[in-house]
Number of protein chains: 2
Amino acid sequence: MIKIAIIGFGNLGQHLVKTLSNNSSVQLVQVYLRDPKKAPYFLPKNLIVSDFKDLVEVDLTIISVNDNSIEEVSSQIPFNNNLVVHTSGSISIDKLNSKNRKGVFYPLQTFSKSKEVNFEEIPICIEAENSEDYKILKTVADSISKSVHIINSEQRKALHVAAVFVCNFVNHLYQIGDEICTENNIPFAILKPLIQETAQKIKTLSPKDAQTGPAKRGDNQTIESHLDFLTNKNHTKIYKLLTQSILENVQKL
Amino acid sequence: MIKIAIIGFGNLGQHLVKTLSNNSSVQLVQVYLRDPKKAPYFLPKNLIVSDFKDLVEVDLTIISVNDNSIEEVSSQIPFNNNLVVHTSGSISIDKLNSKNRKGVFYPLQTFSKSKEVNFEEIPICIEAENSEDYKILKTVADSISKSVHIINSEQRKALHVAAVFVCNFVNHLYQIGDEICTENNIPFAILKPLIQETAQKIKTLSPKDAQTGPAKRGDNQTIESHLDFLTNKNHTKIYKLLTQSILENVQKL
């Protein structure tokens, strides 16, 4: 059984702790929380550590802290030549302190504390320095997900940037939709089936083939009337830029 | 039984014809196609007309043509004082020729010819000039959808603008994600579970609460490294503007 320690208890850390606690192929041995008072009821007290010095050697130490702290945290680990990975989409494997064997275990998903996720469907991107370490990461990843990919640091960075577009930015556009509805006394719920269908469509169509709307049709009259309608300057700027980008795309076809 | 004619056979027109053909509460009497050679095999030949003069009086005539043609098409209708509606999100009811009773029948969804849709889940926004006409529109809308809303022209415009943000612009961001993956030899499929989850999340969370990512966290280091990574000028402009918009949002909280 692969012994695991997790450092960090943010959105992803909490989901990892939950899924790895209920997993028969691994054993969760330690969870590092800076403030042990914040530990939830379901986390057995004997797993919790809050001093780096108390971390013990395991088969796999997963650092799941914010990107800016990975380098520092990896240097605080009190042992050498163990497999230590981070979970970040945007940080190179080289940022990890080289006193330990380095790796990456990046689940490509958006995590909110209050929303359950099904790890089975989440692609996990792994990176390691040698085949033995790949084997450990692959065993752990396979035990929680059906979709495991070997992705190097440069590709992972591309993937992370792409994820910002299709997740973070997309969600921000949902929020603008919500704001426009609220300003006009329309329940945002009317838009939810459209949002779901827009996401569903690209299961079977390429985004290019799925594109619809006034910019795709070159319908300048509608575009003008939308711009007349918008009063929020920020909404207007975003409308203009994305419309322009779609128009240019159509012209390239 | 309510007798219906449909003018136009674009994305929406085709889906309306399909769903109304298989509907026991209405009778589809005529379908106007400019070019009858483009009629698909499933459309009975006796329904097809391609000259406005051949249109007959029915209980409800649905004009489903592109926005710029609605006014002109409604003026070509060869009868008076019938209920004639359009299906557009962005056109006011007043654009319809006033020789007939005016209304709107706007299904808020994205339609692609090659993708089946389930009308039951699609919100239909209706508008009419009197209660009798509302009754006709509500009967037809209720017969195909579980979600029927009375929405006036001003609100419908807001809804249409919001729909451009949460559907057309969102799909364009999917396309940018696809482009970034392709440039870096990563299968776009790795992003698909993230795309689905991002849409699923707002079924239970408000977009504000669902927001994640470097801009939400104020993680300037990651933002800078993403901007260094992007080489496409258009992608860079969009990244900057949407990041700025999220940052400003966070500051407002």
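Here the structure is shown first, and the text comes after it.
Residues numbered from 1 in each chain as written. Chains lettered and ligands numbered in written order. Predicted model: local features only at pLDDT ≥ 70, side-chain atom pairs only at ≥ 80, totals over all residues. Heavy atoms only, no water.

Peer 1: Is there a simple way to explain the overall build of chain A in this structure?
Peer 2: For chain A, the count of helices and strands is 9 helices and 8 strands. Across its three principal axes, chain A shows a C-alpha extent of roughly 65 × 40 × 30 Å. The buried share among the 253 residues of chain A stands at 59%. Sequence separation of at least 24 residues holds for 52% of the intrachain contacts in chain A that already meet a minimum separation of 6. Carbon and sulfur atoms form 46% of the exposed surface of chain A, whose accessible area is close to 10900 Å². Side chains of chain A give 28 positive and 27 negative charges; the mean places of these two sets differ by 2 Å. (Helix = DSSP H or I, 4+ residues; strand = E, 2+ residues; numbered from the N terminus. Buried < 20%, exposed > 50% of the residue type's maximum accessible area, 1.4 Å probe, protein only. Contact = heavy atoms within 4.5 Å. Areas by Shrake-Rupley, 256 points an atom, 1.4 Å probe, with all protein chains shown as cover. Lys, Arg positive; Asp, Glu negative; His and termini not counted. Charge placed at Lys NZ, Arg CZ, Asp CG, Glu CD.)

Peer 1: When you look at helix α9 (residues 233-252) of chain A in this model, what are you seeing that I'm missing?
Peer 2: Every α-helix carries 3.6 residues per turn, so stepping three or four residues along brings you back to the same face. The end-to-end C-alpha separation of α9 of chain A is 29 Å, in line with the 28 Å expected for 20 residues at 1.5 Å each. Within the sequence span of α9 of chain A, burial applies to Asn-234, His-235, Thr-236, Ile-238, Tyr-239, Leu-241, Leu-242, Thr-243, Ser-245, Ile-246, Leu-247 and Asn-249 of chain A. The elements touched by buried residues of α9 of chain A are α4 (153-183), α6 (207-210), α7 (214-217) and α8 (220-229) of chain A together with α4 (153-183) and α9 (233-252) of chain B. At the N-terminal boundary of α9 of chain A, the capping side chain belongs to Asn-232 of chain A, with an oxygen 2.8 Å from the backbone nitrogen of Asn-234 of chain A. (Expected span 1.5 Å × (residues − 1). Polar contact = N/O pair within 3.5 Å; in protein donor to acceptor, adjacent residues only side chain to side chain.)

Peer 1: Any chance you could explain the packing of helix α8 (residues 220-229) of chain B against α9 of chain B here in plain terms?
Peer 2: Residue and element names in this part refer to chain B. Following both chains from N to C, one finds α8 and α9 inclined at 165°, their axes separated by 10 Å at the closest point. Overall, the two elements α8 and α9 adopt an arrangement that is roughly antiparallel. Crossing hand, α8 versus α9: left-handed. Where α8 approaches α9, its residues Thr-222, Ile-223, His-226 and Leu-227 are matched on the opposing element by Thr-236, Tyr-239, Lys-240 and Thr-243. Broken down by class, the residue content of the contact of α8 with α9 amounts to 3 nonpolar, 4 polar and 1 charged. (Axes fitted to C-alpha atoms, helices over the stretch in contact; angles between N-to-C directions. Parallel < 35°, antiparallel > 145°, perpendicular 65-115°, else oblique. Left-handed = near helix turned anticlockwise from the far one by under 90°. Nonpolar A, V, L, I, M, F, W, Y, C, P; charged D, E, K, R; others polar.)

Peer 1: Please explain the interface of chain A and chain B as it appears in this structure.
Peer 2: Often, the extent of an interface is quoted as the loss of accessible area on bringing the components together. Contact residues are listed per partner, giving 89 residues for chain A and 89 residues for chain B. Interface of chain A and chain B: buried area, both sides summed, is about 8700 Å²; carbon and sulfur atoms make up 67% of it. Inspection of the region where chain A meets chain B yields 0 salt bridges. Taken together, the links from chain A to chain B amount to 29 residue pairs in polar contact (both at pLDDT 80 or more). In terms of residues, the side of chain A that touches chain B owes the most to one element, α4 of chain A, which gives 27 residues. (Buried area = accessible area lost by both parts, 1.4 Å probe. Salt bridge = Lys/Arg side-chain N within 4 Å of Asp/Glu carboxyl O.)

Peer 1: Looking at this structure, I do not really get the sheet that holds strand β2 (residues 26-32) of chain B. What am I missing?
Peer 2: In a beta sheet, neighbouring strands are held together by backbone hydrogen bonds and run either parallel or antiparallel to one another. All names here are of chain B. An order of β3-β2-β1-β4-β5-β6-β7-β8 is seen for the 8 strands of this open sheet, with the pairing classed as mixed. Unpaired on one side and paired on the other, β3 (48-49) and β8 (148-150) mark the two borders of the sheet. Looking at chain direction, strand β4 (residues 60-63) and strand β5 (residues 83-86) are connected through 3 bridges and run parallel. Across the sheet, Ile-62 pairs through a bridge with Val-85, a residue of β5. The strands touched by helix α3 (residues 131-144) are β1 (2-7), β2, β4, β5, β6 (101-107), β7 (124-128) and β8; relative to β7, the strand with the most contacts, the crossing angle is about 165°. (Pairing = 2+ DSSP bridges.)

Peer 1: Whenever I open this one, the packing of aromatic side chains confuses me. Can you help?
Peer 2: The description of an aromatic ring pair rests on the distance of the ring centres and on the angle between the ring planes. Residues and elements named next belong to chain B. Taken as a whole and assessed by the stated rule, the structure comprises 10 aromatic pairs over all chains. Taken together, a centroid distance of 4.3 Å and an interplanar angle of 10° make the contact between Tyr-32 and Phe-52 stacked. With Tyr-32 in strand β2 and Phe-52 in the loop between β3 and β4, the pair connects residues that are 20 residues apart, well separated along the chain. Of the two residues, Tyr-32 and Phe-52, both sit in the buried class. Consider the rings of Phe-165 and Phe-169, whose centres lie 5.2 Å apart with planes at 80°: the pair is edge-to-face. (Phe/Tyr/Trp six-rings, centres within 6.5 Å; stacked < 30°, edge-to-face > 60°.)

Peer 1: Explain the pairing of β6 of chain B here, please?
Peer 2: Look at any regular strand and the pattern is simple: side chains alternate between the two faces of the sheet. All names here are of chain B. Burial runs high along β6: 6 of the 7 residues are buried. Note that β5 and β6 share 4 bridges and pair parallel. For Leu-83, the partnering residue across the bridge sits in β6 and is Arg-101. As paired elements, β6 and β7 share 5 bridges and run antiparallel to each other. When the sheet's bridge partners are listed, Pro-107 is paired in β7 with Ile-124.

Peer 1: Honestly, the pattern of salt bridges in this entry has me stumped. Any pointers?
Peer 2: Side chains that differ in sign of charge can pair as their charged atoms come close. Residue and element names in this part refer to chain A. If you walk through the whole model with that rule in mind, you get 16 salt bridges over all chains. For the salt bridge of Asp-133 with Arg-101, the shortest nitrogen-to-oxygen distance reads 2.6 Å. Here Asp-133, found in helix α3 (residues 131-144), pairs with Arg-101, found in strand β6 (residues 101-107); they are 32 residues apart in sequence, far enough to count as distant. Residue Arg-101 is classed as partly exposed on the basis of its relative accessible area, which comes to 25%. With its nearest N and O atoms 4.0 Å apart, the salt bridge here joins Lys-146 to Glu-120. Residue Lys-146 is located in the loop between α3 and β8 (148-150), and its partner Glu-120 is located in the loop between β6 and β7 (124-128); the two are separated by 26 residues in the primary sequence.

Peer 1: Would you mind going over the packing of α9 of chain A against α9 of chain B with me for this structure?
Peer 2: Angle between the axes and distance between the axes: these two values describe a pair of packed helices. As a packed pair, α9 of chain A and α9 of chain B sit with axes 11 Å apart at the nearest point and diverge in direction by 160°. When the interaxial angle is binned, α9 of chain A and α9 of chain B end up roughly antiparallel. The interaxial crossing formed by α9 of chain A with α9 of chain B has left-handed handedness. Residues Asn-234, Lys-237, Ile-238, Leu-241, Leu-242 and Ser-245 of chain A of α9 of chain A pack against Asn-234, Lys-237, Ile-238, Leu-241, Leu-242 and Ser-245 of chain B of α9 of chain B. Class assignment of the residues belonging to the contact of α9 of chain A with α9 of chain B gives a composition of 6 nonpolar, 4 polar and 2 charged.

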